[in-house]
Amino acid sequence: MEKICVAGLGYIGLPTSIFFADKGYDVHGYDINERVVKSLQNKQIHIDEPGLVEKFLQSVERGNLTFDHKPAEADVFMVAVPTPINENRKGNLSYVESALKSILPYVKKGNLIIIESTIPPKTIEEFVVPIIKEQGFNPDENEVFVAYCPERVIPGKILDELQNNDRIAGGYTEEAAGKAAALFSKNISGNVYETTALTAEMTKLMENTYRDVNIALANELALVSEQLGVDAFEIISLANKHPRVHIHSPGPGVGGHCIPIDPYFIIEKAEAHTPLIQRAREINEQMPHYVVDKINELKETHEIKNIALLGLSYKANVSDVRESPSLIIAEQLIAAGYNVKSHDPYVSEQEVSVSLYSLEESLREADLALILVDHNDFINLPASAFNEMNQKLIFDTKKCIKPMEEITLYQLGNK
Ligand code: SAJ
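Participant: Can you help me understand the pairing of strand S6 (residues 145-148) in this one?
Facilitator: Each regular strand displays side chains that alternate between the two surfaces of the sheet. Taking every second residue as pointing to the same face, both faces of S6 are buried, with Phe145 and Ala147 on one and Val146 and Tyr148 on the other. The sheet contact formed by strand S5 (residues 112-115) and S6 spans four bridges and is parallel. Note on S6: the bridge partner recorded for Ile113 is Val146. Following the backbone out of S5, through helix H5 (residues 123-134) and into the adjacent parallel S6, one traces a crossover that is right-handed. Across two bridges, the pairing between S6 and strand S7 (residues 167-171) is antiparallel. Directly across from Ala147, in S7, lies its bridge partner Gly171.

Participant: Sorry, what's going on with a nonpolar patch on the surface here?
Facilitator: The grouping of Val224, Leu228, Val230 and Ile235 at the surface amounts to a nonpolar patch, some 320 Å² of accessible area in total. Inspection of the secondary structure puts Val230 in the loop between helix H8 (197-228) and helix H9 (232-239).

Participant: What is the right way to read the layout of surface pockets from this model?
Facilitator: If a probe as big as a water molecule is rolled over the atoms, it shows which places are left empty. Each pocket or cavity is described by its volume, and for the second largest pocket that value is around 470 Å³. Looking at the lining of the second largest pocket residue by residue, the class counts come to seven nonpolar, six polar and five charged.

Participant: I tried to follow the environment of Phe56 on my own but got confused; where do I start?
Facilitator: Tracing the chain through its elements places Phe56 in helix H3 (residues 52-62). On the basis of relative accessible area, Phe56 is assigned to the buried category, the value being 0%. Taking the C-alpha atoms as reference, Phe56 lies 33 Å from Val129; in sequence the two are 73 residues apart. Apart from residues lying up to four places away in sequence, Phe56 is in contact with Ile18, Leu40, Lys43, Gln44, Ile45, Leu65 and Phe67.

Participant: I would appreciate a short explanation of the pattern of salt bridges in the present structure.
Facilitator: A side chain with one charge can pair with a side chain of the opposite charge if their charged atoms come near. Applying the stated criterion to the full structure yields 20 salt bridges. In this structure, the salt-bridge partner of Arg167 is Glu116, at a minimum N-O distance of 3.2 Å. Of this pair, Arg167 sits in strand S7 while Glu116 sits in the loop between S5 and H5, and the two are 51 residues apart along the sequence. A relative accessible area of 6% places Arg167 in the buried class.

Participant: What's the story with the site of the ligand in this structure? I'm lost.
Facilitator: The environment of the ligand is made up of 21 residues, and the closest members are Val153, Lys204, Asn208, Arg211 and Tyr314. One nitrogen or oxygen atom from the side chain of Asn208 is found 2.6 Å from an oxygen atom belonging to the ligand. A distance of 2.6 Å is found between an oxygen atom of the ligand and a side-chain nitrogen or oxygen belonging to Arg211. Alone, the ligand offers 770 Å² of accessible surface; in the complex the protein occludes 87% of this. Ranked by residues supplied to the shell around the ligand, first place goes to H8 with five residues.

Participant: What am I meant to see in H9 here?
Facilitator: Two residues of an α-helix separated by three or four positions point the same way, owing to the 3.6 residues in each turn. Along H9, the positions that sit buried rather than exposed are Ala232, Phe233 and Ile236. Along the axis of H9, the buried positions cluster into a sector of 100°, meaning they face one direction only. Packed against the buried residues of H9 are H8. With a side-chain oxygen lying 2.9 Å from the backbone nitrogen of Phe233, the N-terminal cap of H9 falls on Asp231.

Cut-offs used in this document
- Residues numbered from 1 in each chain as written.
- Predicted model: local features only at pLDDT ≥ 70, side-chain atom pairs only at ≥ 80, totals over all residues.
- Heavy atoms only, no water.
- Buried < 20%, exposed > 50% of the residue type's maximum accessible area, 1.4 Å probe, protein only.
- Helix = DSSP H or I, 4+ residues; strand = E, 2+ residues; numbered from the N terminus.
- Pairing = 2+ DSSP bridges.
- Right-handed = clockwise from strand over helix to strand, strands pointing away.
- Patch = residues over 30% accessible without salt bridge, like charges linked within 9 Å, V, L, I, M, F, W, Y side chains within 5 Å.
- Areas by Shrake-Rupley, 256 points an atom, 1.4 Å probe, with all protein chains shown as cover.
- Salt bridge = Lys/Arg side-chain N within 4 Å of Asp/Glu carboxyl O.
- 1 Å grid on protein atoms, 1.4 Å probe; cavity = no way out; pocket = protein on both sides within 12 Å on 5 of 7 lines; lining within 4 Å.
- Points joined across faces, edges and corners; volume = space filled by probe spheres on them.
- Nonpolar A, V, L, I, M, F, W, Y, C, P; charged D, E, K, R; others polar.
- Contact = heavy atoms within 4.5 Å.
- Near = heavy atom within 4 Å.
- Polar contact = N/O pair within 3.5 Å; in protein donor to acceptor, adjacent residues only side chain to side chain.
- Arc of directions from axis to C-beta.

What follows is the structure, encoded as structure tokens:
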């Protein structure tokens, strides 16, 4: 069995390392973050995903999963490092560059290098391959095989989706696509599709851009519905009964490390041809401010000083707060002088800049309960949960609270 070296032990790299180690491969994961490496060496795992810790411990005990702050020789190298955007909203490839440069001294002829990080179109051809050539290997001649194989997993179901999702193997050459496809085909249950690196790069970006644009449409519908006095969620649910319609849901904004970022990778390469993608980003980025404006508006008719802010993660039932719209809303409300008591059953205080309270503490003496995430814990909270509030006023941005007697309920996208 081939030996695999994974660069980057974050949300994708660590589960990927564990996935392949569980299949019996010798996997060596490395990361420049000493703290992460130390804790993994001490059998502590920093990512909370169903089934992950068990498989991690089994592989570590078996001895075929090791961690270090430097790479090791292998047959397959996988790069799963972050690709953030800079202030100018252009992809920052510095982690990809440094990961590549650190693995290259360990690479031998015939090895396969797979990039998994999300990257702007043409990055393999114009950025990755030239770095590999500088090291003396010619990927055009398949001296090393280079492929782009984007991941598609969703937080909360990472292991399941690594196993079952279809995958794309985008080769810099046809042979590289074939090599990468063979590796995944042997190990996953989904189908593997071979294509070029550029097609794979654009496909990955369009998947998330489709979602961003569709969410922007839902958010626009929410605003229109409020003006017209109809319920956007009901309209969406009815429209989605049409066999070819799938409108997404409105909300307080779009967070996470993919959907709010990936569209910019397309925009940076084709600014003149992406007015729709750009407008969708603007609409979604405006949503947290819209929520704050709504609260200021509610203040004209209700006494609002203390706010219980429920939900800080970027989406339901995960602890991830990256790019979470809730954090923007919390900061703006605090800056506007409200007393904000935030609660999230999944998020720990060291991950956020705001203080956290229990559900009861946050709701006690609150003038408004602001629901920003549809965690299972919040769905259909009983009326009694709101008993200790100063006034029973709820603003639900995710339509997860049912209307109840004695509670004044405002919903995003409704009235
Ligand atoms: N959101 C809405 N309305 C919706 C759906 C989502 O407002 O109808 C918001 C969520 O609340 C959240 C954000 O959008 O703030 C993104 O959430 P998400 O569940 O749509 O996506 P992610 O970022 O967790 O994961 C996405 C997935 N991509 C697609 O579904 C096309 C995942 O499969 C990718 O692996 C991941 O991006 C990635 O790594 O690219």
